[in-house]
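# Structural overview for review
If you want the building blocks of each chain, they are given just below.
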Amino acid sequence: MKKLFFQSINSLILVVVCLLVFQPSFAQSQNQSTIQFSQTEGVWTIQQWAPNIVKAVFLPKGYSHNEAITGAALGKALSKVDKTLIAQNGNQILIGKNKEVALSYWQDQEGNKGFQIGLTTDEKIFGGGERALPLNRMGYKFNLYNNPWYGYAEGADNLNFSVPFFSSSKGYALFFDNGSKGYADIGKTNPNLFQTGFSSGALSVFVILGNYQETLTSYQQLTGKQPLPPKWAMGNFMSRFGYTSDTQVRNIAAKMRQEKIPFDAVIFDLFWFGDSIKGTMGNLDWVNKSKWPNPKQLLQDLKKTNTHPILISEPFILKGTKSYPFAQQYLAKDSLGKPYELQDFYFGKGGLIDIFRKDAGDWLWKYHYQQQIANGVDGWWTDLGEPEKHPSDLLHNLKDLGVSRMMKADEVHNLYGHYWNKMLFEKYATAFPNTRLFHLNRSGFSGSQRYSIFPWTGDVHRNWSGLRAQLPNILGTSMSGIPYIHSDAGGFAMGEGDPELYLRWLQFALYTPIFRPHGTALYEVDPNAFSYPSEPALADASVLDQVKTVVAQRYQMLPYNYTLAYRQAAFGEPLIKPLYYAFPDDTTAVNIGDEFLWGDAFLVAPVLEKGMTQRDIYLPKGNGWYALATNQRFDGSATISQDLSNFAFPVFVKAGSFIPMNKGLQANTTETKKTVFEIQYYPSEQPSQYQLYLDDGVSKNAIAVKQFELINFSSKGMNQQSGEISIHSNGGHYPGQTNQLAFQLVIPNIKKLPTAIQINGQSMNLLDASNTLGISTGEQAIWNLGKKQELRIPLVLAGKDLNLKFVF
């Protein structure tokens with residue numbers, strides 16, 4: 001018995017000793033800004049960057065390629081770590097008030113290093129950038145590697161703009177701050193683990209605590225919000241792959257005007273610098289004087305009609321082109337220190353500009369961008385910036401970023417487009433400090449949004465699967481903090497020339513951040529490629545009228561859309577959002593991926609199948625929804641069926657919404673001041689409010705220097721007996737502002753003529769126009785019992801608040 005007792009004591013001592021030996025040690029720096037944990041494989045360093053943001057960095061023993069070069073995160077660590085958010089459990093770091101995140105280091109069999117995070121069986125994970133996968137990425141493994149995919153459709157898992165930001169249904173988000181080639185395995189290999197692996201670079205992850213909206217807003221604060229776009233960027237773009245001559249551009253622009261289809265910009269694809277698809281990248285100039293006899297005159301003529309010219313720009317310089325002899329010193333290198341010559345690049349043999357070098361950026365700006373801006377170019381399109389061809393043995397020089405060694409392509413692959421975005425933004429800001437940059441873009445990294453990029457979803461197949469692929473692709477990327485993601489409306493590659501698909505795609509694109517029909521139309525340049533015109537004026541006669549209506553609606557929605565841009569710039573709010581983001585407590589809405597919200601007001605249910613005549617639509621819980629086309633009201637938390645005949649497109653407006661609209665025909669955004677301005681209020685019994693943003697549409701620093709006006713619309717609720725609406729301006733001023741804002745307040749779904757309307761205590765005349773076509777003029781409100789059952793009230797906001805009271 002005594003022997004057994006001493007054996008037990010000895011065993012207990014051994015266990016305690018082992019625990020002391022193998023338990024990770026804990027230390028906090030004297031200034032309390034960091035906490036460190038040491039374990040067998042290496043050292044954890046923990047910092048806090050915001051009350052709900054914890055940064056964890058792991059340095060494995062003997063690991064020397066730990067360069068932190070993304071530049072994605074803004075700001076710095078707080079002076080003190082909240083230790084109630086941090087704990088350890090063996091080799092795990094537990095983070096969160098309820099220790100929601102169990103984080104540990106791991107290394108796979110190929111030598112990739114990264115992190116493991118515990119998952120629960122009912123957890124949902126969203127984000128990761130461009131993927132044509134279901135919004136919930138649980139159960140998928142994909143690369144973190146910017147990848148071109150020509151003619152992709154549903155199921156494409158690795159596309160052009162990979163973003164290592166993910167949000168969880170369990171109240172946290174993760175930003176893996178590493179730009180090297182990597183992957184994310186979200187419960188595919190092991191359903192209990194989220195694993196990431198990276199080929200190089202600092203092993204750094206930001207853990208952001210909160211719900212979907214809190215984590216995305218915090219992430220935008222961490223990596224940067226997108227600046228205001230020029231207002232014209234919210235209009236329609238004339239674009240195709242691609243215009244081959246001065247004459248063609250002028251003729252199609254004239255056709256657009258003849259059909260009274262508004263547009264704000266013309267985009268020039270790669271034929272501006274050469275006659276063929278191959279062998280011309282690197283000319284960086286208009287080399288064909290017969291096709292482009294006077295480029296400067298063409299660009300200036302476009303600008304005279306308030307049309308903004310945009311040129312494509314490529315990072316590859318091919319042998320035999322105009323700039324190749326001058327560019328060689330700025331190209332990425334091979335192992336011998338010579339310019340790396342690409343041998344199997346689709347477009348031809350040549351090199352890749354080493355965009356990480358300051359002198360390379362200086363040369364590209366001076367030799368290329370600056371010269372074309374002087375000709376009249378107003379915006380840029382950077383293409384192939386993944387980069388499209390990036391061999392693993394190609395070497396980059398990052399000495400300007402403090403890295404003493406040459407770095408292989410895979411180590412910096414996801415950062416190439418990001419640093420191209422940065423260079424162009426900063427050069428443009430220096431040269432044009434009060435002008436907003438428009439930069440159509442295909443690739444980047446976390447934080448690229450702060451460089452004023454407008455990325456599209458790549459070279460999608462021009463078929464119905466390609467259209468369906470856009471919903472998870474665009475919504476997932478928006479939820480990854482890239483707010484202006486959009487598609488080549490109508491589809492880009494191949495196809496069969498389906499007018500119905502073209503129309504349905506444009507109807508969908510109407511409610512996305514950028515409206516840009518674009519597709520392959522090469523004709524005689526490449527007879528083997530299927531060609532189909534992308535410009536609305538050239539749409540098939542069977543859908544032309546509907547297409548023209550869609551483009552007109554885009555311009556009518558300009559005040560609403562531009563206010564969404566303000567909400568992103570000021571608060572980091574997304575423009576387009578999935579239902580799970582807005583209705584996380586609605587158990588039906590969180591599982592729906594074929595509907596989305598445009599801002600807070602519009603619920604959009606795209607038509608995604610050819611020949612559809614009906615589709616079911618779920619309306620999330622709330623105070624009700626109005627069909628935009630008919631103003632019929634529906635209850636929330638309900639599924640309804642909608643007729644799709646005559647190309648009807650289901651859109652609903654949330655009850656209580658205020659929608660600012662421009663009514664009337666216009667040629668472009670410059671002419672919006674000539675239109676009738678409306679505020680449409682969709683009645684709700686519950687209180688609601690809306691804030692309209694107004695500025696001059698061009699000044700880069702409008703928000704910073706407070707050159708804008710905010711007009712607040714609020715309702716105390718409206719029922720069958722009464723209602724009250726208040727309108728208030730913050731009194732802000734901006735260039736070009738008028739002394740007063742005249743508009744009509746339009747209230748649909750009013751079943752009977754009000755018995756009284758008071759404005760600031762004064763009664764207003766009422767006209768029952770139910771049997772006429774009455775139009776509200778002067779001081780008279782008009783009620784019409786017609787199809788939309790509208791009440792129209794003319795108002796003028798001129799330095800004095802308005803208070804309206806309704807009695808029914």
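Further up the page is the structure itself.
Residues numbered from 1 in each chain as written. Predicted model: local features only at pLDDT ≥ 70, side-chain atom pairs only at ≥ 80, totals over all residues. Heavy atoms only, no water.

### Quick word on the packing of helix α11 (residues 544-556) against helix α12 (residues 558-571)
Let me state the cut-off plainly: In this analysis, axes come from line fits to C-alpha atoms, helices being fitted only over the stretch in contact, and the angle between any two N-to-C directions falls in the range 0 to 180 degrees. Strands here are runs of E lasting at least two residues and helices are runs of H or I lasting at least four, both read from the DSSP assignment and numbered beginning at the N terminus. Just so you know how the angles are binned, under 35 degrees is roughly parallel, over 145 roughly antiparallel, 65 to 115 roughly perpendicular, and the rest oblique. The contact definition used throughout considers only heavy atoms, calling two residues in contact when any of these lie within 4.5 Å.
At a closest axis distance of 5 Å, the pairing of α11 and α12 adopts a crossing angle of 55°. In terms of orientation, α11 lies oblique with respect to α12. Here α11 contributes R554, Y555 and Q556 to the contact with α12, which in turn contributes L558, P559 and N561.

### Side note on the sheet that holds strand β41 (residues 762-763)
Quick reminder of the rule: Here, a strand pair is defined by DSSP locating no fewer than two bridges between the strands.
The strand order across the open sheet built from six strands is β36-β37-β38-β45-β40-β41, with neighbouring strands paired in antiparallel fashion. The open sheet terminates on both sides in strands that have one partner only, identified here as β36 (688-694) and β41. As defined by bridge partners, strand β37 (residues 709-718) adjoins strand β38 (residues 722-729) across six bridges and the pair is classed as antiparallel. For S714, the partnering residue across the bridge sits in β38 and is S726. Packed on one face of the sheet, α12 meets β36 and β37 and runs near 90° to β36.

### Focus on the pattern of salt bridges
Put simply, the rule is: Salt bridges are defined as contacts in which a side-chain nitrogen from Lys or Arg sits within 4 Å of a carboxyl oxygen from Asp or Glu. Relative accessibility decides the category of a residue: with a 1.4 Å probe and only protein chains considered, values under 20% of the type maximum give buried, values over 50% give exposed, and everything between is partly exposed.
Scanning the model with the defined rule gives 35 salt bridges in all. Among the salt bridges present, the one from K319 reaches E341, with a minimum N-O distance of 3.5 Å. Highlighted residues: K319 in the loop between β19 (316-318) and α5 (324-327) and E341 in the loop between α5 and β20 (350-352), separated in sequence by 22 residues. Classification of K319 by relative accessible area gives partly exposed; the value is 42%. The partner of K577 in a salt bridge is D600, and the shortest N-O contact between them spans 2.5 Å. Of the two residues, K577 sits in strand β26 (residues 576-578) while D600 sits in the loop between β27 (596-598) and β28 (602-604), which places them 23 residues apart along the sequence. Taking relative accessible area as the criterion, K577 reaches 6% and is therefore assigned buried.

### Comments concerning empty space enclosed by the protein
For clarity, the threshold we go by: Buriedness for pockets is judged along seven lines, at least five of which must meet protein on both sides within 12 Å for an open set on the 1 Å grid over protein atoms alone, while cavities are sets there where a 1.4 Å probe fits but cannot get out, and lining residues have an atom within 4 Å of a point. Grid points are joined across faces, edges and corners, and a volume is the space filled by probe spheres set on the points. Residue type decides the class: Asp, Glu, Lys and Arg count as charged, Ala, Val, Leu, Ile, Met, Phe, Trp, Tyr, Cys and Pro as nonpolar, and the leftover types, Gly among them, as polar.
Scanning all chains against the criterion turns up seven cavities of 30 Å³ or more. Within this model, the largest cavity holds a volume of roughly 80 Å³. Lining of the largest cavity is provided by 14 residues; of these, E67, I69, G179, G201 and A202 occupy positions nearest its centre. A breakdown of the residues in the lining of the largest cavity according to their chemical character gives five nonpolar, six polar and three charged. Counted as a void, the second largest cavity has a volume near 60 Å³. For the second largest cavity, the full set of lining residues is P227, L228, F425, T435, R436, L437, S452 and K700. Of the residues contributing to the lining of the second largest cavity, the split by class is four nonpolar, two polar and two charged.

### A short note on helix α3 (residues 246-258)
As a reminder, the rule being used: A helix is expected to span 1.5 Å for every residue after the first. Within this analysis, the arc is defined by the directions that extend from the helix axis to the C-beta atoms.
In this model α3 runs 18 Å from its N-terminal to its C-terminal C-alpha over 13 residues, within 8% of the 18 Å that 1.5 Å per residue would give. Buried within α3 we find D246, V249, I252, A253 and M256. With its buried residues spanning 145° around the axis, α3 presents them on a single face. Away from the buried face of α3 by more than 90 degrees, exposed residues N251 and Q258 are located. Along its buried surface, α3 packs onto β16 (237-238), β17 (265-268) and α4 (295-304). Within two residues after α3, K260 carries a phi angle of roughly 60°, on the positive side.

### Notes on the packing of aromatic side chains
For any pair of aromatic rings, the description rests on two quantities: the centre-to-centre distance and the angle between the ring planes. Counted only if it meets this: By convention, a stacked pair of Phe, Tyr or Trp rings (six-membered ring in the case of Trp) has centres within 6.5 Å and planes under 30 degrees apart, an edge-to-face pair has planes over 60 apart, and any other such pair is tilted. A positively charged side chain is recorded as over a ring if its NZ (Lys) or CZ (Arg) lies within 6 Å of the ring centre. The angle to the ring normal must also be within 35 degrees.
Scanning the model with the defined rule gives 61 aromatic pairs in all. Taken together, W44, F58, Y105, F115, F142, F166, F176, F194 and F198 form an aromatic cluster joined through their ring pairs. Over the aromatic face of Y562 sits the side chain of K231, whose NZ or CZ is 4.7 Å from the ring centroid. Here the guanidinium or amino end of K278 rests over the ring plane of Y346, the centre of that ring lying 4.5 Å away.

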